[in-house]
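Descriptive analysis of the structure
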Amino acid sequence: MERSKLEQLWQSNLNRDTFTGCDFYSIDDLLTEEHLQIRDSVRTWVKNRVSPIINDCAQESYFPKELLPEMGNLGVFGPHVPTKYGGSDADYLTYGLMMQEIERGDSGIRSTASVQGSLVMHPIHLYGSEEQKQKFLPKLANGTYLGAFGLTEPDHGSNPNGMQTHFTEDGDFIVLNGSKTWISNAPLADIAIVWAKNPEGKVQGVIVERGMEGFTTPEIQNKWSLRASATGELVFNDVRIPKTNILPGVIGLKGPLSCLNSARYGICWGVIGAAMDCFETAKKYALERLQFGKPIASFQLQQKKLSEALTEITKAQLMAWRLGVLMNEGKATPAQISMAKRNNVEIALNVARECRQILGGNGISGDYSIMRHMANLESVITYEGTHDIHLLILGMEITGINAFE
Ligand code: TGC
Ligand code: FAD
């Protein structure tokens, strides 16, 4: 999309977004002044910079890369990374609130922030060498660099342990072969954290940089979901990479899976944003739309939809808040994170579906945000572990029996 079109959309749609948010159980009282200030600043940015352009971006399948430096300035890339590497040492509630506000605008823009912060900066911070941290983290934090996370392969999605991407050693270099697919940010990424098997068959993380010979990132076209996010493949044909690009701090599948904890946690907040946007849009519409001489909000069936939506949003908020506190205390378990990701995505999708019906025919129009959220959430319920996989992680926690073996 031309920059001039974006500028025109920003000017003509300014102040149209009147979102206020839902807080039926006074959850704001559980947050600090600082949390609320940061949340509100991200909310204002979304109103001014995301809402005016996002329908056009989604319709035209355009990832608004112009927003990356602004997101860097706002501090939404890796806020939990220490300030000395460009982060802001923020807590997990702050991170969650940021993801909520961004996904209120669009799940695709939140995906970019999740991948950059939780799946690229987080592993470099946790498992990278000091040299890697200094070289990459500040540029990722300020949005100069865009990162991608390559775990999923064409034949290995839910079961990443079966991955075929592998490397051999050649002096001070490794030689990487294989491919990853369905990778957010891939077509534009400057670097990718790629999980591959070493010569002993153990999983290791490698930083692959754009421009390395044999490394290509074809875009995946023809999506009905996350249309404002760039998704692609990472293809490696004898890519020679210095050994200094291997993440030295972790070996084994626990490397990538531990990064997913932070991203899945962010999603459990993010989808509340999408659900709130659907609820608020439907409530406003129901109060204004007249049928049979009355606002449709006066019909009990529509009140049921709205009441149930607000109830589910409120339960999801309480779960996200409590999980955030456990994350801050370092006590959250992977199974608790699975429960929250699974529950909150499911309720957001149900809220979107019910709220879309409240808008009747207008519900499928891009003039309203609901159908876009609904289509986006079909990706969110699949990535970062499918709905089924999170149920089985919980099932294992409850019964002690591993359904994957
Ligand atoms: P399993 O034997 O259970 O575990 C292997 C090792 O990993 C450890 N582990 C974890 N560590 C930290 N956090 C977690 N959540 C962990 N889960 C497992 C585990 O303790 C073990 O460690 P060790 O020391 O004993 O070796 O592994 P498994 O092969 O049986 O697989 C388990 C399963 C199926 C749950 C796992 O593979 C899984 O989660 N599959 C889902 C795959 C997935 O979520 N892919 C996401 C790709 S990234 C993405 O979608 C980004 S979208 C981003 C966006 O746009 O927002
Ligand atoms: P499969 O694993 O083939 O699963 C297909 C179906 O089988 C699912 O319903 C699943 O629940 C079910 N199933 C599988 N195993 C079991 C079982 N043991 N028991 C019961 N049911 C089972 N990946 C990345 O690495 N990085 C990214 O940035 C990234 N971004 C993405 C962006 C988008 C828009 C999308 C759609 C996906 C993205 N992914 C990414 C990939 C995503 O993580 C995978 O799609 C997901 O993990 C599922 O893998 P799969 O698609 O291969 O499905």
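Quick caveat: nothing in here was measured; it's all calculated off a predicted structure.

Thresholds applied
- Residues numbered from 1 in each chain as written.
- Chains lettered and ligands numbered in written order.
- Predicted model: local features only at pLDDT ≥ 70, side-chain atom pairs only at ≥ 80, totals over all residues.
- Heavy atoms only, no water.
- Domains from an automatic or database assignment.
- Contact = heavy atoms within 4.5 Å.
- Buried area = accessible area lost by both parts, 1.4 Å probe.
- Polar contact = N/O pair within 3.5 Å; in protein donor to acceptor, adjacent residues only side chain to side chain.
- Nonpolar A, V, L, I, M, F, W, Y, C, P; charged D, E, K, R; others polar.
- Near = heavy atom within 4 Å.
- Areas by Shrake-Rupley, 256 points an atom, 1.4 Å probe, with all protein chains shown as cover.
- 1 Å grid on protein atoms, 1.4 Å probe; cavity = no way out; pocket = protein on both sides within 12 Å on 5 of 7 lines; lining within 4 Å.
- Sits in = over half its atoms within 2 Å of the grid points.
- Helix = DSSP H or I, 4+ residues; strand = E, 2+ residues; numbered from the N terminus.
- Salt bridge = Lys/Arg side-chain N within 4 Å of Asp/Glu carboxyl O.
- Buried < 20%, exposed > 50% of the residue type's maximum accessible area, 1.4 Å probe, protein only.

Right, let's talk about the domain arrangement of the protein chain for a bit. One can read the domain layout of the protein chain as domain 1 (3–141), domain 2 (147–245) and domain 3 (254–399). The straight-line distance from the C-alpha centre of domain 2 to that of domain 3 is 30 Å. Contacts between domain 2 and domain 3 engage 9 residues on the former and 10 residues on the latter. Of the roughly 740 Å² buried between domain 2 and domain 3, counting both surfaces, carbon and sulfur atoms make up 73%. One can count 4 residue pairs in polar contact (both at pLDDT 80 or more) joining domain 2 with domain 3. Taken together, the residues of the side of domain 2 that touches domain 3 sort by class into 6 nonpolar, 2 polar and 1 charged.

Glancing now at the site of ligand 1. If you check the shell around ligand 1, you find 27 residues, and the closest are Ser184, Asn261, Arg264, Glu384 and Gly385. In the environment of ligand 1, an oxygen atom lies 2.7 Å from a nitrogen or oxygen atom belonging to the side chain of Ser184. Glu384 is positioned such that a nitrogen or oxygen atom in its backbone is 2.8 Å from an oxygen atom of ligand 1. Protein chains bury 72% of the 1100 Å² of accessible surface belonging to ligand 1 in isolation. Of the pockets mapped on this structure, ligand 1 occupies the largest pocket. Going through the elements one at a time, helix H5 (107–127), helix H7 (254–288) and helix H11 (387–399) are the ones with two or more residues in the shell around ligand 1. For the shell around ligand 1, the residue count by class is 13 nonpolar, 10 polar and 4 charged.

By the definition in use, this model includes 21 salt bridges. In this structure, Asp28 and Arg39 form a salt bridge, with 2.9 Å as the shortest nitrogen-oxygen distance. Here Asp28 is found in the loop between helix H1 (3–12) and helix H2 (33–59), whereas its partner Arg39 is found in helix H2, with 11 residues between them in sequence. Using a relative accessible area of 9% as the deciding quantity, one classes Arg39 as buried.

Among the 17 residues in the neighbourhood of ligand 2, the closest are listed as Thr152, Ser158, Trp182, Thr386 and Asp388. The backbone of Phe149 places a nitrogen or oxygen atom 2.8 Å from a nitrogen atom of ligand 2. Trp182 places a main-chain nitrogen or oxygen 2.8 Å from a nitrogen atom of ligand 2. Burial of ligand 2 by the protein amounts to 66% of the accessible area it has alone, namely 980 Å². Per-element tally for the shell around ligand 2: the top contributor is strand E3 (residues 173–184), with 3 residues. Classifying every residue of the shell around ligand 2 gives 8 nonpolar, 7 polar and 2 charged. Taken together, domain 2 (147–245) and domain 3 (254–399) each give at least three residues to the shell around ligand 2, which thus spans both.

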